Amino acid sequence: MRIIIIGAVASGTSAAAKARRNSESAEIVVYDKDSFISYSGCGMLYYIGGEVENADGLTPRDSAFFKSKYNVDILTRHEVLSIDPGKKVLEVKDLTTGEVFSDSYDKLVIATGAQAFVPPIKGADGRHVFTLRNIGDMNRIKTYIDGNSPKRAAIIGTGFIGLEVCENLKKLGLEVTLLEKLPQVTPGLDSDMAVYVQDHIEKNSVPVLTGVSITEITESGVILSDGKEIPADLVLISAGVRPNTALAKAAEIELGVSGAIRVNTKMQTSQPDIYACGDCIEQFHAVTGKPVYRPLGSTANKTGRIAGDSMTGGDLEFRGILGTGIFKIFDMTVAQTGLSEHEALALGYHV
């Protein structure tokens with residue numbers, strides 16, 4: 001049996017490792033268009049802030065590791081251009097040489113992850129404007145800080161990543177301003193809890209502007225819709241992520257209500273012998289049973305293991321998520337699980 005996996009971060013490598021544990025004879029090949037695989041996304045912002053001194057510690061496993069330990073071939077800088085489910089054939093491009101070739105599979109796993117969402121803001125493509133989604137983004141931010149010594153930063157968005165980057169930029173001595181479109185910080189929390197987080201942030205000398213819209217990012221700052229300019233020589237856009245589903249959609253694989261790939265509890269998609277896992281799939285909530293999209297590393301690893309098990313004859317099944325998330329901002333830990341009051345009311349529960 002020939003297994004091909006598209007994507008080699010959390011879920012893709014988990015699927016490969018589990019498939020190998022179940023089957024010594026399967027031929028397992030993983031394609032990833034990036035240069036870095038199986039990295040620690042949660043540690044990236046602490047490298048930017050200097051708490052993690054060596055970037056190599058975030059990428060401890062390379063292609064040679066997976067070949068020696070699992071007999072899995074991981075080909076980096078290889079982009080899968082298309083999937084033909086009927087013929088079970090992929091079109092792949094070697095990004096180093098430019099060569100395009102075909103490959104065939106018996107079982108396929110789509111683990112294409114998610115990408116940072118960048119709102120249509122004029123100037124969002126500036127050299128001092130960044131998102132933080134992968135090791136390449138991390139290195140670009142670190143290089144910019146080391147080479148340009150920015151003094152003021154603006155962070156657009158107050159989710160997990162935005163707030164943790166805020167803390168790390170403050171550690172470096174930058175003046176940081178948080179900008180949020182919603183009337184509160186931490187969009188996943190109820191408003192009566194978010195006020196405690198905002199108060200804590202402001203007590204740590206970080207101005208927070210909520211309910212603001214941004215019209216332009218210039219070399220010197222961020223211009224709000226009311227004309228006010230927030231000075232910044234470094235801007236981070238942390239406005240959430242969107243699932244990478246272009247490949248799946250082109251292959252006529254069904255998407256769910258959230259726009260992510262719809263899978264069953266064994267990670268099977270709507271196309272035979274094609275599985276999906278990680279940040280590109282829709283999950284379901286353990287309380288309501290309804291579909292949700294909550295891309296987190298822990299869930300990616302779980303769904304990857306299930307995909308690897310399922311396609312090699314195992315009986316593991318996904319049991320849903322509770323939406324558990326934990327992050328730290330300065331010396332406050334913020335955690336949530338289950339339904340928020342806002343979500344419960346929207347679903348018709350009496351709170």
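To start, this report covers the structure provided alongside it.

The rules behind the values
Position numbers for residues start from 1 in each chain and track the written sequence from start to end. Two thresholds apply to this predicted model, a pLDDT of at least 70 for residue-level local features and 80 or more for giving and counting side-chain atom pairs, whereas whole-chain, interface and lining totals are computed over all residues. Each side-chain value is worked out from all heavy atoms of the structure, with water and hydrogens disregarded. A fitted line through C-alpha atoms represents every axis, and for helices the fit uses only the stretch in contact; the resulting angles, taken between N-to-C directions, go from 0 to 180 degrees. Counting from the N terminus, the helices are the DSSP runs of H or I reaching at least four residues and the strands are the DSSP runs of E reaching at least two. Take the far helix as your reference; a near helix turned counterclockwise from it by less than a right angle gives a left-handed crossing, and one turned clockwise gives a right-handed crossing. By definition, residues are in contact when any of their heavy atoms lie within 4.5 Å. Any residue outside Ala, Val, Leu, Ile, Met, Phe, Trp, Tyr, Cys, Pro, Asp, Glu, Lys and Arg is labelled polar, Gly included; the first ten of those are nonpolar and the last four are charged. Take the residue count of a helix, subtract one, and multiply by 1.5 Å to get its expected span. DSSP bridges decide pairing: two strands pair if at least two such bridges lie between them. Note on aromatic contacts: the rings of Phe and Tyr and the six-membered ring of Trp form a pair at centre separations within 6.5 Å, being stacked when their planes are under 30 degrees apart, edge-to-face when over 60 apart, and tilted otherwise. Burial classification: accessible surface area is computed with a 1.4 Å probe over protein chains only, and a residue below 20% of its type maximum counts as buried, one above 50% as exposed, and the rest as partly exposed. Our definition puts a charge over a ring when NZ of Lys or CZ of Arg is within 6 Å of the ring centre and also within 35 degrees of the ring normal. When a carboxyl oxygen of Asp or Glu is within 4 Å of a side-chain nitrogen of Lys or Arg, the pair counts as a salt bridge. Grouping into patches uses exposed residues only, defined as over 30% relative accessible area, and leaves out salt-bridged ones; the cut-off is 9 Å for like charges and 5 Å for nonpolar side chains (Val, Leu, Ile, Met, Phe, Trp, Tyr). Shrake-Rupley sampling with a 1.4 Å probe provides the accessible areas, and residues are treated as covered by the protein chains on show and by no other component. A positive count includes Lys and Arg, and a negative count includes Asp and Glu. His and the chain ends are not counted in either. All charge positions are set by atom: Lys at NZ, Arg at CZ, Asp at CG, Glu at CD. What the arc describes is the spread of directions from the helix axis to the C-beta atoms. Residues enter a nonpolar core if they are buried and are Ala, Val, Leu, Ile, Met, Phe, Trp, Tyr or Cys, with the set joined through side-chain atoms within 4.5 Å.

## Overview of the packing of helix α1 (residues 10-22) against helix α8 (residues 297-310)
Then, in step 1: One way to put it is that α1 packs onto α8 with a least axis distance of 7 Å and a crossing angle of 35°. Handedness of the α1/α8 crossing: right-handed. Within the contact between the two elements, α1 uses A10, S11, S14, A15, K18, A19 and N22 and α8 uses A300, N301, G304, R305, G308 and D309.
Then, in step 2: Grouping the constituent residues of the contact of α1 with α8 by class yields 4 nonpolar, 6 polar and 3 charged.

## Topic: helix α5 (residues 160-171)
Then, in step 1: Over its 12 residues, α5 runs 17 Å from end to end, which matches the ideal 16 Å to within 8%, given 1.5 Å per residue.
Then, in step 2: At the exit of α5 stands G173, carrying a positive phi of roughly 95°.

## Remarks on the sheet that holds strand β14 (residues 221-224)
Then, in step 1: Taken in spatial order, the 3 strands line up as β13-β14-β15 in an open sheet, and their pairing is antiparallel. In this open sheet, the two strands that pair with only one neighbour each are β13 (214-217) and β15 (229-231). For this sheet, the mean angle separating the axes of adjacent strands, direction not counted, is 20°.
Then, in step 2: When β14 meets β15, the two strands line up antiparallel, connected through 3 bridges. Its bridge partner lying in β15, I223 is registered against E229.

## Focus: the sheet that holds strand β7 (residues 107-110)
Hydrogen bonds between backbone groups are what pair the strands of a sheet, and the pairing can be parallel or antiparallel.
Then, in step 1: With parallel pairing, 5 strands are arranged side by side in an open sheet as β3-β2-β1-β7-β18. What marks the edges here is a single partner per strand, and that holds for β3 (73-76) and β18 (274-276). Going across the sheet, the axis of each strand differs from the next one's by a mean of 20°, ignoring polarity.
Then, in step 2: Pairing of strand β1 (residues 2-6) with strand β2 (residues 27-32) involves 5 bridges; the strand directions are parallel. Residue I6 lies in a different strand from β2, and its bridge partner there is Y31.

## Things to note about the packing of aromatic side chains
We describe a pair of aromatic rings using the distance from one ring centre to the other and the angle between the two ring planes.
Then, in step 1: As enumerated under the stated definition, the model contains 7 aromatic pairs in all.
Then, in step 2: Measuring from ring centre to ring centre gives 6.4 Å for F65 and Y70, while their planes differ by 75°; the resulting arrangement is edge-to-face.
Then, in step 3: Judged by relative accessible area, which is 28%, F65 ranks as partly exposed.
Then, in step 4: Site record: aromatic cluster; members linked through ring pairs are F65, F66 and Y70.
Then, in step 5: One Lys or Arg, K142, reaches over the ring of Y47 and ends 5.4 Å from the middle of that ring.
Then, in step 6: The ring of F117 is capped by R242, whose NZ or CZ atom sits 4.0 Å from the centre of that ring.

## Quick look at the pattern of salt bridges
Then, in step 1: A full pass over the atoms with the stated rule returns 14 salt bridges.
Then, in step 2: When the shortest N-O distance is used, the salt bridge between E27 and R2 registers 2.6 Å. Of the two residues, E27 is situated in strand β2 and R2 in strand β1; the sequence distance between them amounts to 25 residues.
Then, in step 3: Owing to a relative accessible area of 42%, E27 belongs among the partly exposed residues under this scheme.
Then, in step 4: One salt bridge in this structure joins K171 and E167, with 3.5 Å as the shortest N-O distance. Here K171 and its partner E167 are both found in helix α5, 4 residues apart, which amounts to about one turn of the helix.
Then, in step 5: Among the residues examined, K171 registers a relative accessible area of 44% and is labelled partly exposed.
Then, in step 6: Taken together, the salt bridges that share partners define one network made up of E51, E167, K171 and K328.

## Here we look at a positive patch on the surface
Then, in step 1: The grouping of R21, R61, K69, K302, R305 and R319 at the surface amounts to a positive patch.
Then, in step 2: One can find R61 in the loop between α2 (44-48) and α3 (63-70).

## Here we look at helix α6 (residues 191-203)
Then, in step 1: For α6, which comprises 13 residues, the first-to-last C-alpha distance of 18 Å matches the rise-based estimate of 18 Å (1.5 Å per residue) to within 8%.
Then, in step 2: Buried residues of α6: A194, V197, Q198, H200 and I201, and no others. Axial view of α6: buried residues confined to an arc of 160°, hence all on one face. Away from its buried face by more than 90 degrees, α6 exposes Y196 and K203.
Then, in step 3: Looking at the buried positions of α6, the neighbouring elements they touch are α5, β11 (175-180), β12 (208-210), β21 (325-329) and β22 (332-336).
Then, in step 4: The first or second residue beyond α6 is S205, which carries a positive phi of 65°.

## Remarks on the nonpolar core
Then, in step 1: If you look at the biggest cluster of nonpolar residues, it comprises 47 residues, and the most contacted ones within it are I83, L108, I110 and I261.
Then, in step 2: Residues contacting I110, with those up to four places away along its chain left out, are I6, I83, A248, I253, I261, I274, Y275, A276, C277 and C280.
Then, in step 3: One finds L45, Y47, I201 and L234 within the second-largest nonpolar core, a separate group that totals 37 residues.

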